[in-house]
Amino acid sequence: MSNALSNRIQSLPVSQTLAMAAKARELKAEGRDIISLSLGEPDFNTPDFIKDAAIEAINQNYNSYTPVDGYVELKEAICEKFKRDNNLTYAPNQVVVSTGAKQSIANVAQVLLNPGDEVLLPAPYWVSYSAIATLCEAKFTEIPSSIENDFKITPEQLEAAISPKTKMIFFNSPNNPSGTIYSEEEYRALAKVLEKHPNIYILSDEIYEHINYGTKPFSFAAIESMYDRTITVNGLAKAFAMTGWRIGYIGAPEWIAKACTKMQGQITSGTNCIAQRAAITAVKASPEKVQYMVDEFKNRRDLVLQLLGEIDGFKLNVPEGAFYVFPDISDFFGKTIRGKEIKDANDFSMLLLEEANVATVTGEAFGAPDCIRLSYAASELQLREAIKRIKEVLS
């Protein structure tokens, strides 16, 4: 009966990151010793001070429906966070709390995009951006980049990509999948182009902001000419190891925030009450409280770059944030390895899963078909073993 399904769902691709994670779990269930480097999820526990706040909320009998856009105390704490970390001034009526940053992004896209509008996606980009645009019946246009320029687009590329139908552009820094961080200077140069096109809105996804290795990310909305056109998206999943708590939020012009609240009110309504009470404590905490995770991620990044650097055919750059490496593996295209012809990154990723028992994600899913993504949100022991297996298969 699949022909009874809507065109909307049939046009939607399956998330490649979740698909690879599911495939890895399936093989594990069959008894295969799979090391998964495919999911973007910290392997740390949520810090105790946040868990204690959740337990306290349970004991205080928080169990009722929450306001659609979030508890006012949480929205006030988010406004303080924006000022402290990003030099951004938002009022509580400009903040909407959602069930994860993915819902935040989907809300924004749904309230701004009409069928036929165009979304610009600097590539590589997170897999769900293109799917969310598709759900809104909008078109998406990729702006390509390469490892040689650290996966950053230029103002000239941005100018060339803009068309009369362009309505939005999605920026993501630190970037998933590449770990790239745009500097203030680089963002200001891109803003100069956008100043000439006042009808384009900017979604700035800053979910990885605290996971950086010395290069402090800059918020796009901090550019004065862009503030009224930028929606800043953030959340607690990555920096605070709270992926399953599902808390994301936006800071935006009030009219966009009101529209997102209206949209959310007809879909999920308010976010989980206990998670929100815990989030107040997390958002108020200094980023220093989770620096131990960032330090460990940096050590792992350096280890992974060193070990992958010993394998011929891997072209690497040094990611400045997030917890991924995104090597160019196009040197392997056209080769036959273990009887398998490698035509593209999909084949290469599948080779590593089937022959090395290591799950990665094809770069094709991120608009970068010459690359694969490896997450180093895994133990040093697992990372060493995974790359040893990869090396054996490719040697």
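First, a word on what this report is: a plain description of the structure on this page.

Section: the nonpolar core
So, step 1. The biggest cluster of nonpolar side chains holds 108 residues, and the ones touching the most others in it are Met168, Phe314, Phe348 and Leu394.
So, step 2. If we skip the residues at most four places from it in the chain, Met168 touches Val108, Leu112, Leu113, Glu118, Val119, Leu120, Ile200, Tyr201 and Leu203.
So, step 3. Counting 20 residues, the second largest nonpolar core, distinct from the first, contains Leu158, Ile162, Tyr187 and Ile200.

Focus on the sheet that holds strand 13 (residues 361-362)
So, step 1. Pairing within the open sheet is antiparallel, and its three strands lie in the order 9-14-13. Among the strands making up the open sheet, the edge pair consists of strand 9 (324-325) and strand 13.
So, step 2. Both strand 9 and strand 14 (residues 372-375) contribute to a ladder of two bridges, which runs antiparallel. Counterpart to Tyr324 in the pairing with strand 14 is Ser375.

What about helix 3 (residues 48-59)?
So, step 1. The terminal C-alpha atoms of helix 3 lie 16 Å apart, and with 12 residues this matches the ideal 16 Å at 1.5 Å per residue to within 8%.
So, step 2. Along helix 3, the residues that are buried comprise Ile50, Ala53, Ala54 and Ala57. Buried positions in helix 3, seen along its axis, are confined to an arc of 100 degrees and lie on one side of it. For helix 3, the exposed residues lying more than 90 degrees away from the buried face are Asp48 and Asn59.
So, step 3. Looking at the buried positions of helix 3, the neighbouring elements they touch are helix 10 (273-284).
So, step 4. Where helix 3 ends, the next residue or the one after it, Asn61, has phi of about 65 degrees, a positive value.

Some remarks on the pairing of strand 8 (residues 248-251)
So, step 1. Burial along strand 8 is two-sided: the face carrying Gly248 and Ile250 and the face carrying Tyr249 and Gly251 are both buried.
So, step 2. With four bridges joining them, strand 2 (residues 95-98) and strand 8 adopt antiparallel strand pairing. Residue pairing for strand 8: Ser98 is matched across the bridge by Gly248.
So, step 3. Looking at chain direction, strand 7 (residues 230-235) and strand 8 are connected through four bridges and run antiparallel. Paired with Asn234 across the two strands is Tyr249, which belongs to strand 8.

Some words on the sheet that holds strand 2
So, step 1. If you trace the seven strands from one edge of the open sheet to the other, you get 2-8-7-6-5-3-4, paired in mixed fashion. Where the open sheet ends on each side, the last strands, each with one partner, are strand 2 and strand 4 (139-143). On average, each strand axis in the sheet is tilted by 20 degrees relative to the strand beside it, whichever way the strands run.
So, step 2. Here three bridges tie strand 3 (residues 118-122) to strand 5 (residues 166-172), and the two strands are oriented parallel to one another. Residue pairing for strand 5: Val119 is matched across the bridge by Met168.
So, step 3. Taken strand by strand, helix 5 (residues 101-112) contacts strand 2, strand 5, strand 6 (201-205), strand 7 and strand 8, and its axis lies near 160 degrees from that of strand 7.

A closer look at the pattern of salt bridges
So, step 1. If you walk through the whole model with that rule in mind, you get 26 salt bridges.
So, step 2. Two residues, Lys298 and Asp302, come together in a salt bridge whose shortest N-O distance is 3.3 Å. Separated by four residues within a single helix, Lys298 and Asp302 lie in helix 11 (residues 291-308), roughly one turn from each other.
So, step 3. Overall, the relative accessible area of 33% leaves Asp302 in the partly exposed class.
So, step 4. The shortest N-O distance in the salt bridge between Lys340 and Glu355 comes to 2.7 Å. Of the two residues, Lys340 is situated in strand 11 (residues 340-341) and Glu355 in helix 12 (residues 345-356); the sequence distance between them amounts to 15 residues.
So, step 5. What makes Lys340 partly exposed here is its relative accessible area of 26%.
So, step 6. Residue classification places Glu355 among the partly exposed residues on the basis of a relative accessible area of 27%.
So, step 7. What emerges from the salt-bridge pattern is a single network uniting Asp33, Glu385, Lys388, Arg389 and Glu392.

Notes on the packing of helix 5 against helix 6 (residues 127-135)
So, step 1. One can describe the packing of helix 5 onto helix 6 by two numbers: an axis separation of 10 Å at closest approach and a directional angle of 35 degrees. Between helix 5 and helix 6 lies a crossing of right-handed hand. Contacts between helix 5 and helix 6 involve Lys102, Ile105, Ala106 and Ala109 from the first element and Ser128, Tyr129 and Ile132 from the second.

Some thoughts on the state of the cysteines
So, step 1. Evaluation of the coordinates by the stated rule reveals zero disulfides.
So, step 2. Between Cys136, a free cysteine, and Cys260, which holds the nearest cysteine sulfur, the sulfur-to-sulfur gap is 11 Å.

So, the packing of helix 4 (residues 72-86) against helix 10
So, step 1. Contact geometry of helix 4 with helix 10 gives a least axis separation of 9 Å together with a crossing angle of 20 degrees. On the basis of their axis angle, the class for helix 4 and helix 10 is roughly parallel. For helix 4 against helix 10, the interelement crossing comes out left-handed. Mapping the contact onto sequence places Glu73, Leu74, Ala77, Ile78, Glu80, Lys81 and Arg84 in helix 4 and Gln276, Arg277, Ala279, Ile280, Val283 and Lys284 in helix 10.
So, step 2. In the contact of helix 4 with helix 10, the residues fall into six nonpolar, one polar and six charged.

A closer look at the packing of aromatic side chains
So, step 1. All told, the structure shown has 23 aromatic pairs when counted by the stated rule.
So, step 2. Residue placement shows Arg277 over the ring face of Tyr71; its charged tip is 4.8 Å from the ring centre.
So, step 3. Positioned over the ring face of Phe49 is Lys289, at 4.0 Å from the centre of the ring.

Conventions used here
Residues numbered from 1 in each chain as written. Predicted model: local features only at pLDDT ≥ 70, side-chain atom pairs only at ≥ 80, totals over all residues. Heavy atoms only, no water. Core = buried A, V, L, I, M, F, W, Y, C linked by side-chain atoms within 4.5 Å. Buried < 20%, exposed > 50% of the residue type's maximum accessible area, 1.4 Å probe, protein only. Contact = heavy atoms within 4.5 Å. Pairing = 2+ DSSP bridges. Helix = DSSP H or I, 4+ residues; strand = E, 2+ residues; numbered from the N terminus. Expected span 1.5 Å × (residues − 1). Arc of directions from axis to C-beta. Axes fitted to C-alpha atoms, helices over the stretch in contact; angles between N-to-C directions. Salt bridge = Lys/Arg side-chain N within 4 Å of Asp/Glu carboxyl O. Left-handed = near helix turned anticlockwise from the far one by under 90°. Disulfide = S-S within 2.5 Å. Parallel < 35°, antiparallel > 145°, perpendicular 65-115°, else oblique. Nonpolar A, V, L, I, M, F, W, Y, C, P; charged D, E, K, R; others polar. Phe/Tyr/Trp six-rings, centres within 6.5 Å; stacked < 30°, edge-to-face > 60°. Lys NZ or Arg CZ within 6 Å of the ring centre and 35° of its normal.

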